[in-house]
There are 2 protein chains.
Amino acid sequence: MPTLADVAKVAGVGVMSVSRVVNGTRKVSPETEEKVRAAIRRIGYEPNEAARVLKGHRAKILGLIVPDLADPFFATCANAIQEAAREAGYMTLMVASGHQANVERQQAEVMMQRQIAGLIIIPTGLENDYFLNARVGGLPIVSLDRPLENVDADAVLVDNREASMGVVEHLIEHGHKDILCILDEYRMFTKQERLAGYMQAMREAKLTTRVCMVGPLSGTVAEQLPAILASAPKPTAIFAASDLLTVQVLRHLQGMHIAIPDEIALAVFDDFDAATLITPQITAVRQPVADLGRKAVSLLLQRIEGDSTLPAKQVVLQTELIIRASCGCELAGSRIKSKGLAIRKR
Amino acid sequence: MPTLADVAKVAGVGVMSVSRVVNGTRKVSPETEEKVRAAIRRIGYEPNEAARVLKGHRAKILGLIVPDLADPFFATCANAIQEAAREAGYMTLMVASGHQANVERQQAEVMMQRQIAGLIIIPTGLENDYFLNARVGGLPIVSLDRPLENVDADAVLVDNREASMGVVEHLIEHGHKDILCILDEYRMFTKQERLAGYMQAMREAKLTTRVCMVGPLSGTVAEQLPAILASAPKPTAIFAASDLLTVQVLRHLQGMHIAIPDEIALAVFDDFDAATLITPQITAVRQPVADLGRKAVSLLLQRIEGDSTLPAKQVVLQTELIIRASCGCELAGSRIKSKGLAIRKR
DNA sequence: CTGAAAGCGCTAACAT
DNA sequence: ATGTTAGCGCTTTCAG
């Protein structure tokens, strides 16, 4: 591996001239520059990152921590992030935290030791105080999908609350009065917001809310749904707050031969591959998943390469309500965009 | 950030004793070791990777190059790989090549410059000669899903041919004689193998083969299927050679209201999320996706940490034929394992 | 078994 | 505008 000094020798100039040409740090005379470039090409010089980092510079690497790389939502984010990073000349160090806050924290630490230039994180836990120190350590951080509580970092989000309200309102417009909200019991920002959106839509329409929590404490969909569907004012519509829940609900409804949307209508949060493959096709809120990732990278690069002292900002991207058949709509195919794209300062 | 020298000062020993304790390189007296460990804990020392790498050591980083991180198959691999790597104390640098051989090559180069310890790759192109140089450069490489032609690297694969034969034979057992194979036209190892499996099964049963190529040259499924289904000896069963194809076929069959399996039976390569969500449920070959990833890591670590001079080997993992309803089976739920798990030496 | 010195490739700071 | 020097934190080498 040829070094900078080798280039200098071949070009017949000092090492610093070479360094300056490579990094564009300062003005170099055109002749020198030409000599250096020629020498670089000739011996195939490539700068050594390790030496640069050792000198106190940050590595041209972005860190990405997501709960699960196999999850379609996170995977699509990761893909977009990696691509955007590559286009900007950065490599991406990726970690799946497995929804464990301690893994998340520990891996963030390792990344910082490696002097990554910035970190994008879809935080798992609710206690993110750890990342405060990171920010103090000067590491630019952007959170994705969920804000990093208490930490002054940029965030790229969608308005889960408003989007949920939109779906539920759509169901209400269909004349439904008993709408069941199915939600997993994990305390997560996005899920709480989706619940809030449901609540608000129902309240504004003066309807009674009904929430079915799913999880180890409350039980599965299959365990709870029969009782609910047998109850006195039987729900005529279901709002499932995530794709995982949607799949469970669909399986159960299919198993019990309950017709959608005739016996019960369905509209859900998160569009998913199978949504248009099953009959009826499912009405769903679609998030601009790849855009979220790209936006996160652009915010991060702005911090890294530009002014990192600007106040943190939250970017809210638009969601779309994709109207298909499961809500009871005759003509599928229309889309309703959220008001979104607000850029709120904290 | 405290350095090794700081530790030495605090512990009252030379730097080399500290280095030896940290790396376990050589014998150190118990007392010295204790002093050093105490000092490390006290000032919170963490070794600086960059300095180590600068000294000529490899970084504790694995590289992973896949065609597309958003694809469920690759994403699941990536997730398993990252997790296994983390457990072994390695970080993972991930790149989506976007199915472009030049990106793949260029990113591999960057990774090598960063002195990664090993590389796992799901190669996109057919011309992999580039990686020959990499191997010569001493970088351990494991290819996944597809072998790296001409390169003496370990590979973790499934037997696409045998698995395809299995599916097609199953269709034949149902009494089908006109079985259409739908395949995309890209020249890819796995697809070629799947085609070969179909051919072999048909030949052994003395049946006439019929292949529908899909792609920009030949046309889409929607463009070609009507003519095929209107033809004289109409196929009574379809074997779709990948999940992407399966989705297209399903959409088309649904659109034309063709009943599965009554009018036409269907069995496919690649199990996918929606397979059990649609009616009828789809009979499919399932690959042990996460296992492929884990096995790749274990092979790679073996090379990195152990003898890297052993001859390259190919590990073939078992697939499963998951029998559901789309093939015409009455009782779904059975599974047929491939003979697999052969470990072939090259 | 332990320590001192040299140097990996680079750039900040100074000197010309 | 260009060159020289020192040193980032570590490990290899050589002496003790």
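Criteria and thresholds
- Residues numbered from 1 in each chain as written.
- Chains lettered and ligands numbered in written order.
- Predicted model: local features only at pLDDT ≥ 70, side-chain atom pairs only at ≥ 80, totals over all residues.
- Heavy atoms only, no water.
- Near = heavy atom within 4 Å.
- Polar contact = N/O pair within 3.5 Å; in protein donor to acceptor, adjacent residues only side chain to side chain.
- Helix = DSSP H or I, 4+ residues; strand = E, 2+ residues; numbered from the N terminus.
- Nonpolar A, V, L, I, M, F, W, Y, C, P; charged D, E, K, R; others polar.
- Least-squares fit on C-alpha atoms with pLDDT ≥ 70 in both.
- Contact = heavy atoms within 4.5 Å.
- 1 Å grid on protein atoms, 1.4 Å probe; cavity = no way out; pocket = protein on both sides within 12 Å on 5 of 7 lines; lining within 4 Å.
- Points joined across faces, edges and corners; volume = space filled by probe spheres on them.
- Domains from an automatic or database assignment.
- Buried area = accessible area lost by both parts, 1.4 Å probe.
- Salt bridge = Lys/Arg side-chain N within 4 Å of Asp/Glu carboxyl O.
- Axes fitted to C-alpha atoms, helices over the stretch in contact; angles between N-to-C directions.
- Parallel < 35°, antiparallel > 145°, perpendicular 65-115°, else oblique.
- Left-handed = near helix turned anticlockwise from the far one by under 90°.
- pLDDT = per-residue confidence, 0-100.

(A) Representation of the protein's contact with DNA strand C within the structure. Near DNA strand C there are 25 residues, and of these Leu4 and Tyr45 of chain A together with Ser17, Thr32 and Lys55 of chain B occur at the shortest range. Sugar and phosphate atoms form 63% of the subset of DNA strand C atoms that lie within 4 Å of the protein. One of the side-chain nitrogen or oxygen atoms of His57 of chain A is found 3.1 Å away from a phosphate oxygen of DNA strand C. Between DNA strand C and the protein, one listed contact pairs a base nitrogen with a side-chain N or O atom of Lys55 of chain B at 2.7 Å. Per element, the largest residue contribution to the surface near DNA strand C is four residues, and it comes from helix α2 (residues 15-23) of chain A. The class makeup of the residues in the surface near DNA strand C is nine nonpolar, nine polar and seven charged.

(B) Representation of the protein's contact with DNA strand D in the model. Close contacts around DNA strand D come from 27 residues, with Met16 and Lys55 of chain A together with Leu4, Met16 and Tyr45 of chain B the closest. Among atoms of DNA strand D positioned within 4 Å of the protein, sugar and phosphate together represent 61%. Here Ser29 of chain A contributes a backbone N or O atom positioned 2.5 Å from a phosphate oxygen of DNA strand D. If you list the elements that add at least two residues to the surface near DNA strand D, you get α2 of chain A together with α2 (15-23) and α4 (49-54) of chain B. Partitioning the surface near DNA strand D into residue classes produces ten nonpolar, nine polar and eight charged.

(C) Inspection of the relation of the copies chain B and chain A at higher detail. Each copy superposes on the other: chain B lies on chain A with an RMSD of 0.1 Å after a rotation of 180° and an axial shift of 0.1 Å. In symmetry terms, the pair is related by a two-fold rotation axis. The fraction of interface residues of chain B whose copies in chain A are also interface residues reaches 100%, indicating that both copies meet through the same surface.

(D) Quick peek at the layout of surface pockets. By volume, the second largest pocket amounts to about 1,600 Å³. Forming the walls of the second largest pocket are 45 residues, and the residues nearest its centre are Pro72 and Asp273 of chain A together with Pro72, Asp273 and Ala274 of chain B. At the level of secondary structure, the elements contributing two or more residues to the lining of the second largest pocket comprise α5 (72-87) and α11 (243-255) of chain A together with α5 (72-87) and α11 (243-255) of chain B. Partitioned by chemical class, the residues of the lining of the second largest pocket number 21 nonpolar, six polar and 18 charged.

(E) Examining the domain arrangement of chain A more closely. Residue and element names in this part refer to chain A. Each assigned domain of chain A is listed with its residue range as follows: domain 1 (1-46), domain 2 (50-152) and domain 3 (160-288 + 320-345). Contact residues are listed per partner, giving six residues for domain 2 and five residues for domain 3. For the pair domain 2 and domain 3, the two sides together bury roughly 600 Å², of which 61% comes from carbon and sulfur. The interface formed by domain 2 and domain 3 includes zero salt bridges. The interface formed by domain 2 and domain 3 contains zero residue pairs in polar contact (both at pLDDT 80 or more). Its residues assigned to classes, the side of domain 2 that touches domain 3 comprises three nonpolar, no polar and three charged.

(F) Broad picture of the interface of chain B and chain A. With 40 residues of chain B in contact, the opposing surface of chain A contributes 40 residues. Summing both partners gives a buried area of about 3,600 Å² for chain B against chain A, and 60% of it is carried by carbon and sulfur. Among the residues chain B hides against chain A, the three largest losses belong to Met91, Arg114 and Leu277 of chain B. Together they make up 21% of the total. There are two salt bridges connecting chain B and chain A. The tally of links from chain B across to chain A stands at 17 residue pairs in polar contact (both at pLDDT 80 or more). For the side of chain B that touches chain A, the element with the most residues is strand β2 (residues 91-96) of chain B, which contributes six residues. Tallied by class, residues from the side of chain B that touches chain A come to 23 nonpolar, ten polar and seven charged.

(G) Spatial organisation of empty space enclosed by the protein. Taken as a whole and assessed by the stated rule, the structure comprises two cavities of 30 Å³ or more. The calculated volume of the largest cavity comes to roughly 70 Å³. Taken together, Pro123, Thr124, Gly125, Leu126, Asn128, Arg146, Pro147, Glu149, Met188 and Phe189 of chain B make up the full set of residues lining the largest cavity. When its residues are assigned to classes, the lining of the largest cavity shows five nonpolar, three polar and two charged. Estimated volume of the second largest cavity: approximately 50 Å³. Residue lining of the second largest cavity: Pro123, Thr124, Gly125, Leu126, Asn128, Arg146, Pro147, Glu149, Met188 and Phe189 of chain A, and that is the complete set. Within the lining of the second largest cavity, the residues separate by chemical class into five nonpolar, three polar and two charged.

(H) Quick look at the packing of helix α1 (residues 4-11) of chain B against helix α3 (residues 30-43) of chain B. All names here are of chain B. Where α1 meets α3, the axes come as close as 9 Å, and the angle between the chain directions of the two elements is 120°. The orientation of α1 relative to α3 falls into the category oblique. As α1 runs across α3, the sense of the crossing is right-handed. Between α1 and α3, the contacting residues are Asp6, Val7, Val10 and Ala11 on the first element and Lys35, Val36, Ala39, Ile40, Arg42 and Ile43 on the second. Each residue belonging to the contact of α1 with α3 can be placed in one class, and the counts come to seven nonpolar, no polar and three charged.

(I) Inspection of the confidence of the model for chain A at higher detail. Averaged over all residues, the pLDDT of chain A is 91; the fraction at 70 or higher stands at 93%. Every residue in residues 340-346 of chain A is under pLDDT 50, and counting partners more than four places away or in other chains gives 20 contacts.

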